[in-house]
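Here's the letter readout for the chains.
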Amino acid sequence: MRKISLILFIALISYITVRGQRLINSADYPIQKIRVVIEQAQGGTVSENIRGLKYILLKGNKNNLVDFISDFKVSNDRIGVIGSISSGGSFYVYDKEGELLKKVNKNDTGIHKDNSGVFYKIDKEGEDFKLTSGNLVSQYLFSKNGDFLDTVKTNYLAGLPPKYLRLNDKSHFEYKGPFYWNGRKDNNVLLLNDSALIKFNSQDTNTTYYSMSEGFFKLNEEIAYLSIAQKNQIYELDNTGVKQIYDFSFPMNNTLREEDKLKFKNMNDLINYLSDHSSKIIEIGRVVRFKNYLIFSVILGSGPNWLAYDVASKNIYNLSNIVPDKSNDYLSFLSNNYLATDGEFLYSIIYPQDIRSAINKSESEKHTMHKSYLDLQKSNNPLLVKFQLNL
């Protein structure tokens, strides 16, 4: 059972087979070293640490059911969602109250007919949405209302498509990832206006099988963040390049050394290693900056934890250790896989089974759930959770 759960877990975070590389960058970049003991990071209860909590049903008829969400993003007034391959791999656009505005599938205008699974990844492009296709060779730009605008990238057959960030009119970043493939003509990882800021060591060509890096997160016209696949660093960017590096270190029992990351020859090697070393951290990523908090996911062999680093107080909080209580009828509020923000609120996704678990917990605690929460079980669609931190 343990190995089966690991296989499912790896399937969720693996986008493509890549070849891991050590990074090369300037020694002049300021580094802020932060030691984290995950078990000691502060947690608590929902009533103590969460405010403005709201559960929003993603609505739709029987033809618009989403069994699992592969990715989602939030803009000022829209929610963009990609369903899993098992639910059609379609792109859904909702308003902030969960009303379905548009559904896009593989038969719609502009979508390549060989696009197996249709979409698997979504990024924000201003108020619009940029989607990467399931066959990894095409990207598509859609308006915030789900209207097709353009094919952004086609026939990118060597690894994941690059990610681009326009911080302002003078600063254009490109992230290619520390991935080696036959035929790659450079070892650039991060560029600013065609000038390389980070490279990979091209002598490292050992195959690895995991990557959850989201690439860029744009805070405003002056600051952005970059998480790099298989690394424990977060790069803060400004219009001059790398402003500083947040370098997170963990106790030895959690540390997966660079040489360990490079040694796995196939998927079974990785699964067997994590079965025996479930406390090892694979990487950190999926960065979200919310108020003073730099929030990121830490992926262990035993599953993800969401950590929040207060850049002002230097305190570390483990959001995964915030426990639902009577104040929210024991409902989960945090997604294992993704967080998003519109600057005012954080957003996550929970599922119908989370409602059933809350019902069982309320019954065991002899607590009466609110009817509005009980009614949520009538739908099979996921729920959007909207909240703020009160840490």
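Bear in mind the structure is a predicted one, so any value in this text is a computation, not a measurement.

The rules we used
- Residues numbered from 1 in each chain as written.
- Predicted model: local features only at pLDDT ≥ 70, side-chain atom pairs only at ≥ 80, totals over all residues.
- Heavy atoms only, no water.
- Helix = DSSP H or I, 4+ residues; strand = E, 2+ residues; numbered from the N terminus.
- Buried < 20%, exposed > 50% of the residue type's maximum accessible area, 1.4 Å probe, protein only.
- Areas by Shrake-Rupley, 256 points an atom, 1.4 Å probe, with all protein chains shown as cover.
- Expected span 1.5 Å × (residues − 1).
- Arc of directions from axis to C-beta.
- Contact = heavy atoms within 4.5 Å.
- Pairing = 2+ DSSP bridges.
- Axes fitted to C-alpha atoms, helices over the stretch in contact; angles between N-to-C directions.
- 1 Å grid on protein atoms, 1.4 Å probe; cavity = no way out; pocket = protein on both sides within 12 Å on 5 of 7 lines; lining within 4 Å.
- Points joined across faces, edges and corners; volume = space filled by probe spheres on them.
- Nonpolar A, V, L, I, M, F, W, Y, C, P; charged D, E, K, R; others polar.
- Salt bridge = Lys/Arg side-chain N within 4 Å of Asp/Glu carboxyl O.
- Core = buried A, V, L, I, M, F, W, Y, C linked by side-chain atoms within 4.5 Å.
- Phe/Tyr/Trp six-rings, centres within 6.5 Å; stacked < 30°, edge-to-face > 60°.
- Lys NZ or Arg CZ within 6 Å of the ring centre and 35° of its normal.
- Lys, Arg positive; Asp, Glu negative; His and termini not counted.

Draft legend 1. Just the overall build of the protein, in detail. Within the protein, the regular secondary structure consists of 6 helices and 29 strands. Expressed as a percentage of its 391 residues, the buried residues of the protein come to 55%. In the form shown here, the protein has an accessible surface area of approximately 17200 Å², with 47% of it arising from carbon and sulfur atoms.

Draft legend 2. Helix α5 (residues 352-364), seen in detail. Under the 1.5 Å per step criterion, the end-to-end length of α5 is 19 Å for 13 residues, consistent within 8% with the ideal 18 Å. Those residues of α5 that fall on the buried side of the exposure criterion are P352, I355, A358, I359 and S362. The arc that holds the buried residues of α5, viewed along the axis, is 110°, so those residues lie on one side. Those residues of α5 hidden inside the fold are in contact with α6 (371-374) and β29 (383-389).

Draft legend 3. Quick look at the sheet that holds strand β15 (residues 171-175). If you walk across this open sheet you meet the 5 strands as β2-β17-β16-β15-β14, and the pairing is antiparallel. Unpaired on one side and paired on the other, β2 (23-25) and β14 (163-168) mark the two borders of the sheet. In this sheet, neighbouring strand axes are inclined to one another by 20° on average, regardless of whether the strands run parallel or antiparallel.

Draft legend 4. Structural view of the environment of F173. Take F173: it is sitting in strand β15. Note on F173: relative accessible area 2%, which makes it buried.

Draft legend 5. Looking closely at the layout of surface pockets. Taken as a whole, the largest pocket encloses approximately 990 Å³ of empty space. Along the wall of the largest pocket there are 39 residues; nearest its centre are K124, L165, F216, F217 and K218. Considered class by class, the residues forming the lining of the largest pocket number 16 nonpolar, 7 polar and 16 charged.

Draft legend 6. Local environment of the environment of G52. Looking at the element boundaries, G52 is found in strand β5 (residues 50-57). The spatial distance from the C-alpha of G52 to the C-alpha of N390 is 9.5 Å, given a sequence separation of 338 residues. Beyond its immediate sequence surroundings of up to four residues, G52 is in contact with F345, K386 and F387.

Draft legend 7. Broad picture of the sheet that holds strand β27 (residues 340-341). In space, the 4 strands of this open sheet follow the order β5-β29-β28-β27, with antiparallel pairing throughout. Lying at the two open borders of the sheet, with one neighbouring strand each, are β5 and β27. Across 2 bridges, β27 lies against strand β28 (residues 346-350) in antiparallel orientation. Paired with T341 across the bridge in β28 is L346.

Draft legend 8. Geometry of the pattern of salt bridges. Within the structure shown, the criterion is met by 19 salt bridges. Of the charged contacts in the structure, one is a salt bridge between K73 and D71, with a shortest N-O distance of 3.6 Å. On the basis of relative accessible area, K73 is assigned to the buried category, the value being 16%. Overall, D71 belongs to the buried group, its relative accessible area being 0%. As a salt-bridge pair, D123 and K121 come within 3.7 Å of each other at their nearest N and O atoms. According to the relative accessible area criterion, D123 is buried, its value standing at 14%. Several salt bridges converge on common partners, so that one network encompasses D71, K73, K121, D123 and K163.

Draft legend 9. Examining the nonpolar core more closely. Counting 50 residues, the largest nonpolar core has F248 and I295 as the members making the most contacts within it. I295 has contacts with R286, V287, V288, F290, W306, L307, A308, L319, L339, L346 and L389, leaving out every residue within four places of it along the chain.

Draft legend 10. Structural view of the packing of aromatic side chains. Summed over all chains, the structure comprises 17 aromatic pairs. Among the aromatic residues, ring-to-ring pairing joins F91, F119, F129, Y140, F142 and F148 into one connected group. One cation-aromatic arrangement involves R286 over Y338; the distance from NZ or CZ to the ring centre is 4.6 Å.

Draft legend 11. Region of interest: the side chain of E174. Note that E174 resides in strand β15. In this structure E174 is buried but unpaired, with K176 as the nearest side chain of opposite charge at 4.3 Å. The residues contacting E174, other than those within four sequence positions of it, are P162, K163, Y164, V189, L190, L191 and F216.

Draft legend 12. Representation of the pairing of strand β12 (residues 138-142) in the model. In terms of burial, β12 is largely enclosed, as 5 of its 5 residues are buried. Both faces of β12 are covered, namely the face carrying S138, Y140 and F142 and the face carrying Q139 and L141. Bridge count between strand β11 (residues 128-133) and β12: 4 bridges; the pairing is antiparallel. Looking across to β12, one finds that K130 is bridged to L141.

Draft legend 13. Region of the structure containing unusual backbone geometry. Even without glycine at this site, N193 takes up a positive phi of about 50°. Positionally, N193 belongs in the loop between β16 (188-192) and β17 (195-200). With a phi angle near 70°, Q230 is a residue other than glycine that sits in the positive phi range. Here Q230 lies in the loop between β20 (224-227) and β21 (233-238). A relative accessible area of 3% places Q230 in the buried class.

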